[in-house]
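# Summary of the model geometry
One letter stands for each residue in the lines below.
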Amino acid sequence: MTHRDDLFSAPIASLGDWTFDDRVAEVFPDMIERSVPGYSNIISMIGMLASRYARPGTQIYDLGCALGAATLAMRRTISHADCRIIAVDNSPAMIARCRHHIEAFRATTPTTIIEGDIRTTPIENASLVVLNFTLQFLEPAQRQNLLNRIFAGLNPGGALVLSEKFSFQDQRIGGLLFDMHHDFKRANGYSELEISQKRSMLENVMLTDTVEVHKQRLAEAGFGHAEVWFQCFNFGSLIAIKPESGQ
Ligand SMILES: C[S@@+](CC[C@H](N)C(=O)[O-])C[C@H]1O[C@@H](n2cnc3c(N)ncnc32)[C@H](O)[C@@H]1O
Ligand SMILES: O=C(O)C(=O)C[C@]1(C(=O)O)C=C[C@@H](O)C=C1
């Protein structure tokens, strides 16, 4: 059973910065489903991408795994017995619940769940890395370094899935997609107060980039190929592929 997100329904006297604490973790499945257009599609399609990209004898990383939704989707589709999924998050509240979720289902793919910082987690022998709405929570100056490390840890032909909330250079388009995202939240039962209180809390900790900036960073890291494979309003997902040598 998932709890309904009503964390911001009453006025909060002093709104602090956003954190992934116990209260957020408790309502997270409902919160993310009602806040991120396309979230459940992205999760199930990450499962499809995993069945295509996971290679025997390699590791698959879910960085900023929260409750493990992407990990669970990938475990359902990976059929090689000798793969391992490594799921990492630095929120103790998320990781405690993630362990329960993962242990609740039997699966052939072993899964290691780590409470740790993705900025320092070693990444090696990877065939697929997932950053599903996580990079946006790192300081912008730290994003390139993580992408460089992911590239270095991926085997040739391996892939990164990078899902993010986007900003837009074109203010007319940016404004429209921002408004449509708020329409989406209203349609999902969030009030103006809930929308505006959450927005203020996220303001300092979730700094979004344009698709162009994401592509520049991915190219800088060495990814020879990168493109948006899913988008709904100002939320979307890119796939970036590490070239086989010579490609
Ligand atoms: C929006 S949630 C991710 C949702 C999740 N990937 C999914 O598909 O359901 C962002 C997550 O990133 C985690 N996070 C943010 N910064 C992190 C860091 N430096 N190291 C590890 N986890 C981090 C947060 O704790 C949070 O659980
Ligand atoms: O931008 C917003 O309004 C959001 O709610 C986005 C977002 C996200 O993209 O991660 C922010 C925090 C929660 O984890 C769920 C959704």
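Residues numbered from 1 in each chain as written. Chains lettered and ligands numbered in written order. Predicted model: local features only at pLDDT ≥ 70, side-chain atom pairs only at ≥ 80, totals over all residues. Heavy atoms only, no water.

If you check an unreviewed UniProt entry, the protein appears there as Carboxy-S-adenosyl-L-methionine synthase from Candidatus Sodalis endolongispinus. The heading Catalytic activity (unreviewed entry) in the UniProt record of the protein holds the text "prephenate + S-adenosyl-L-methionine = carboxy-S-adenosyl-L-methionine + 3-phenylpyruvate + H2O". (UniProt positions renumbered as here; feature names shortened; annotations may be inferred.)

This chain's UniProt record puts "domain: Methyltransferase" (unreviewed entry) on residues 60–158. Overall, residues 60–158 shows 36% helix and 27% strand. The separation of its end C-alpha atoms is 10 Å. (Helix = DSSP H or I, 4+ residues; strand = E, 2+ residues; numbered from the N terminus.)

Now for the pattern of salt bridges. The full count for this structure, using the stated rule, is eight salt bridges. The shortest N-O distance in the salt bridge between Asp 22 and Arg 97 comes to 3.1 Å. Separated by 75 residues along the polypeptide, Asp 22 in helix H1 (residues 22–35) and Arg 97 in helix H4 (residues 92–104) bring together distant segments of the chain. For the salt bridge of Arg 186 with Asp 183, the shortest nitrogen-to-oxygen distance reads 2.7 Å. (Salt bridge = Lys/Arg side-chain N within 4 Å of Asp/Glu carboxyl O.)

The next point concerns the packing of aromatic side chains. Throughout the structure, instances matching the rule amount to six aromatic pairs. Summarising the aromatic geometry, the rings of Trp 18 and Phe 20 are spaced 5.9 Å apart at their centres and angled 85° between planes, so their arrangement reads as edge-to-face. A relative accessible area of 27% means that Phe 20 is categorised as partly exposed. Their ring planes at 75° and their centres at 6.2 Å tell us that Phe 20 and Phe 28 sit as a pair that is edge-to-face. Take Phe 28: its relative accessible area is 11%, and that puts it in the buried class. An aromatic cluster of at least three residues, connected via ring pairs, comprises Trp 18, Phe 20, Phe 28 and Phe 137. Above the face of the Tyr 190 ring, Arg 34 is positioned so that its terminal group lies 4.0 Å from the ring centre. Above the face of the Phe 151 ring, Lys 242 is positioned so that its terminal group lies 4.4 Å from the ring centre. (Phe/Tyr/Trp six-rings, centres within 6.5 Å; stacked < 30°, edge-to-face > 60°. Buried < 20%, exposed > 50% of the residue type's maximum accessible area, 1.4 Å probe, protein only. Lys NZ or Arg CZ within 6 Å of the ring centre and 35° of its normal.)

Before going further, it helps to examine empty space enclosed by the protein. Gaps between atoms show up when a probe of the same size as a water molecule is rolled over them. All chains considered together, the criterion is met by one cavity of 30 Å³ or more. Size it by volume and the largest cavity reaches roughly 40 Å³. What lines the largest cavity is simply Asp 5, Phe 8, Ser 35, Lys 185, Tyr 190, Glu 194 and Lys 198. A per-class count over the lining of the largest cavity returns two nonpolar, one polar and four charged. (1 Å grid on protein atoms, 1.4 Å probe; cavity = no way out; pocket = protein on both sides within 12 Å on 5 of 7 lines; lining within 4 Å. Points joined across faces, edges and corners; volume = space filled by probe spheres on them. Nonpolar A, V, L, I, M, F, W, Y, C, P; charged D, E, K, R; others polar.)

Our focus in this paragraph is the side chain of Gln 59. Summarising the element assignment, Gln 59 is placed in strand S1 (residues 59–63). Owing to a relative accessible area of 17%, Gln 59 belongs among the buried residues under this scheme. Of the polar contacts made by the side chain of Gln 59, one reaches the backbone oxygen of Glu 124; its length is 3.1 Å. The contact partners of Gln 59, leaving out residues within four places of it in the chain, are Arg 84, Ile 86, Glu 124, Asn 125, Ala 126, Ser 127 and Leu 128. (Polar contact = N/O pair within 3.5 Å; in protein donor to acceptor, adjacent residues only side chain to side chain. Contact = heavy atoms within 4.5 Å.)

Here we take up the sheet that holds strand S5 (residues 154–165). Taken in spatial order, the seven strands line up as S3-S2-S1-S4-S5-S7-S6 in an open sheet, and their pairing is mixed. Two strands bound the open sheet, and with one partner strand each, they are strand S3 (111–115) and strand S6 (225–232). Averaged over neighbouring strand pairs, the angle between their axes works out to 15° when direction is ignored. One ladder, built from five bridges, connects strand S2 (residues 84–89) with S3; its direction is parallel. Directly across from Ile 85, in S3, lies its bridge partner Thr 111. On top of the sheet, helix H5 (residues 140–153) reaches S1, strand S4 (126–132) and S5; it is set at about 150° to S5, its chief contact. (Pairing = 2+ DSSP bridges. Axes fitted to C-alpha atoms, helices over the stretch in contact; angles between N-to-C directions.)

Near ligand 2 lie 14 residues; those nearest to it are Phe 28, Gln 136, Lys 165, Lys 185 and Lys 198. Take Gln 136: an N or O atom from its side chain is 3.0 Å from an oxygen atom of ligand 2. A distance of 2.5 Å is found between an oxygen atom of ligand 2 and a side-chain nitrogen or oxygen belonging to Lys 185. About the coverage of ligand 2: the protein hides 97% of its 360 Å² of free accessible area. Elements with a contribution of two residues or more to the shell around ligand 2: H1, helix H6 (171–187) and helix H7 (192–203). (Near = heavy atom within 4 Å. Areas by Shrake-Rupley, 256 points an atom, 1.4 Å probe, with all protein chains shown as cover.)

Time to look at the UniProt feature "binding site: S-adenosyl-L-methionine" (unreviewed entry) in the protein. Sites flagged by UniProt as "binding site: S-adenosyl-L-methionine" (unreviewed entry) map to Tyr 39, Asp 89, Asn 90, Asp 117, Ile 118, Asn 132 and Arg 199. Separation in sequence by 161 residues is matched in space for these annotated residues, since their most distant C-alpha atoms are 24.6 Å apart. Among the secondary structure elements, Tyr 39 is positioned in helix H2 (residues 39–53). Exposure remark for Tyr 39: the relative accessible area of 12% places this residue in the buried category. Apart from the residues lying within four places of it in its own chain, the contact partners of Tyr 39 are Ile 32, Glu 33, Ala 69, Asn 132 and Phe 133. Residues in contact with Asn 90, not counting those within four places in the same chain, are Gly 116 and Asp 117.

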